[in-house]
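Results of the structural survey
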Amino acid sequence: MTQLHENIEKQRKEAIEFLTLYKNENALSNQWLRDRLDEIKQEQKYIPTTEELVFGARVAWRNSNRCIGRLFWNSLQVFDERQVETEEEVYKALLRHIEFATNGGKIRPTITIFKPNSIRIWNYQLIRYAGYETEEGIIGDSDSIELTRICEELGWKGERTPFDILPFVIQIGSNKPALFEIPKKYVLEVAIRHPQYEELAQLNLKWYAVPMVSNMKLSVGGIEFNAAPFNGWYMGTEIGARNLADVNRYNLLPTVARIMGLETKSNISLWKDRALVELNLAVLHSFKEDGVSIVDHHTAAQQFKLFEQQEVEANRQVTGNWSWLIPPVSPATTHIFHKPIENLIKKPNYFYQKNPF
Ligand code: ARG
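A short tour of the structure in this document, coming up. (Residues numbered from 1 in each chain as written. Predicted model: local features only at pLDDT ≥ 70, side-chain atom pairs only at ≥ 80, totals over all residues. Heavy atoms only, no water.)

Concerning the sheet that holds strand β16 (residues 349-351)
Threshold: We treat two strands as partners when DSSP finds at least two bridges between them. Secondary structure elements are defined from DSSP: runs of H or I of at least 4 residues count as helices, runs of E of at least 2 residues count as strands, and each element is numbered from the N terminus. Here the axes come from fitting lines to C-alpha atoms, over the contacting stretch only for helices, and the angles between their N-to-C directions go from 0 to 180 degrees.
Taken together, the three strands give an open sheet; going across it, the order is β12-β11-β16, and neighbouring strands pair in antiparallel fashion. Two strands bound the open sheet, and with one partner strand each, they are β12 (223-225) and β16. Along the sheet, successive strands turn relative to each other by an average axial angle of 30 degrees, direction set aside. In the sheet, strand β11 (residues 217-220) pairs with β12 via three bridges, with the strands oriented antiparallel. The partner of Ser-219 across the bridge, within β12, is Glu-224.

Here it is, written out as structure tokens:
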């Protein structure tokens, strides 16, 4: 068998598996499945209906082993945008996604699915801060340095604040990628302040409201959707214990410790731990006060426990990646820490894919 034939075989197998799952979970008949498989044979290849795609995207979330927020998998809002052809149309669909998902702060888990095999969004997330290497050190998000450089090579010019929003970088086929600025009114951000340490607000820290991952592919029924940006809402620690705290990101623990008046010369003062807790408190407090959806890690773990119970009741094995599921703050206070979980990869699912740049 040639490579091509092997791929077609593998794809057919995955399509059959997926449609069988779809049939079972939607209580459809064996006759329905036979008819649907006949249709696919005639069309030569599997093209999911919108309903099948909606189900596939939701189950892909259910199967996302690194995600602690999976309790809500079945409420994912799916926009089927497979008719979109041009960069301009992708741009407009992405703005619709942002507006719907943001919903004035009452965030709605959402995915927008474009046709497979030709569209790539180069951004890691639809909204993400730029990062610049300068002689005085890094400005902004060090995670974005490479993409920021590419944007500037393509003609974009950032203001060089620590929180410049990168433009969309959209590529169709082998065209030169097109840049689109995101109009300000689409970008909801939260200024970070602390309920007691008022000085924290003077750092002018902020973070954007909605994490919309846009560089992963959705795999459903043997088809890979390379452009399928999706979002939930933040768990506070993602911002407070990683984005703002990691030494190679915004590295703010020493600054927060200084505001708190902590002794930073010795480890046994636990200044890092104390600064971490207050920074995380500030993130949760600020989002809550602004009416922007966010979840603390204790509540998220409780919700994950409900998810596990739901899955057991549905006779499905709960899979997960333990090292990702435990929160980076006080992990042993959650039940997840104390329990093994199998990291078995099921499809449909979301996968990393090769960077287009
Ligand atoms: N950890 C990433 C960030 O801090 C976001 C990943 C997705 N997170 C989510 N809550 N859906 O931006």
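Some details on the site of the ligand
What counts, and what does not: Near is defined per residue: the residue qualifies when any heavy atom it owns lies within 4 Å of the molecule or strand. Distance and chemistry together define a polar contact, namely a pair of N or O atoms within 3.5 Å, with one atom able to donate a hydrogen and the other to accept it when in protein, and with adjacent residues in sequence counting only for side-chain atoms on both sides. Exposure was quantified through the Shrake-Rupley algorithm and a 1.4 Å probe, taking into account, for residues, occlusion by the shown protein chains and nothing else. Residue type decides the class: Asp, Glu, Lys and Arg count as charged, Ala, Val, Leu, Ile, Met, Phe, Trp, Tyr, Cys and Pro as nonpolar, and the leftover types, Gly among them, as polar.
Taken together, Tyr-124, Gln-125, Arg-128, Tyr-208, Pro-211, Gly-232, Trp-233, Tyr-234, Glu-238 and Asn-243 form the complete shell of residues around the ligand. Backbone polar atom of Trp-233 to a nitrogen atom of the ligand: 2.7 Å apart, as the coordinates give it. Within the contact set of the ligand, an oxygen atom lies 2.8 Å away from a side-chain nitrogen or oxygen of Asn-243. When the free accessible area of the ligand is taken as 350 Å², the share hidden by the protein chains comes to 75%. The residue makeup of the shell around the ligand, split by class, is five nonpolar, three polar and two charged.

Topic: the pairing of strand β5 (residues 137-140)
Examined bridge by bridge, strand β4 (residues 131-134) and β5 share four bridges and lie antiparallel to one another. Looking at the pairing, Tyr-132 lines up with Ile-139 of β5. Between β4 and β5, which pair antiparallel and follow one another directly, the connecting turn spans two residues.

Details of the packing of aromatic side chains
Our working definition: The rule is short: rings of Phe, Tyr and Trp, with Trp giving its six-membered ring, pair when the centres are within 6.5 Å, and they are stacked under 30 degrees, edge-to-face over 60, tilted in between. Two limits define a charge over a ring: the Lys NZ or Arg CZ must be within 6 Å of the ring centre, and within 35 degrees of the ring normal.
Counted by the stated rule, this structure contains 19 aromatic pairs. Each member of the aromatic cluster is reached from another via a ring pair, and the members are Tyr-129, Phe-163, Trp-207, Tyr-208, Tyr-234 and Tyr-250. Directly above the aromatic system of Trp-73 lies the positively charged group of Arg-62, at a separation of 4.7 Å from the ring centroid. Positioned over the ring face of Trp-324 is Arg-66, at 4.5 Å from the centre of the ring.

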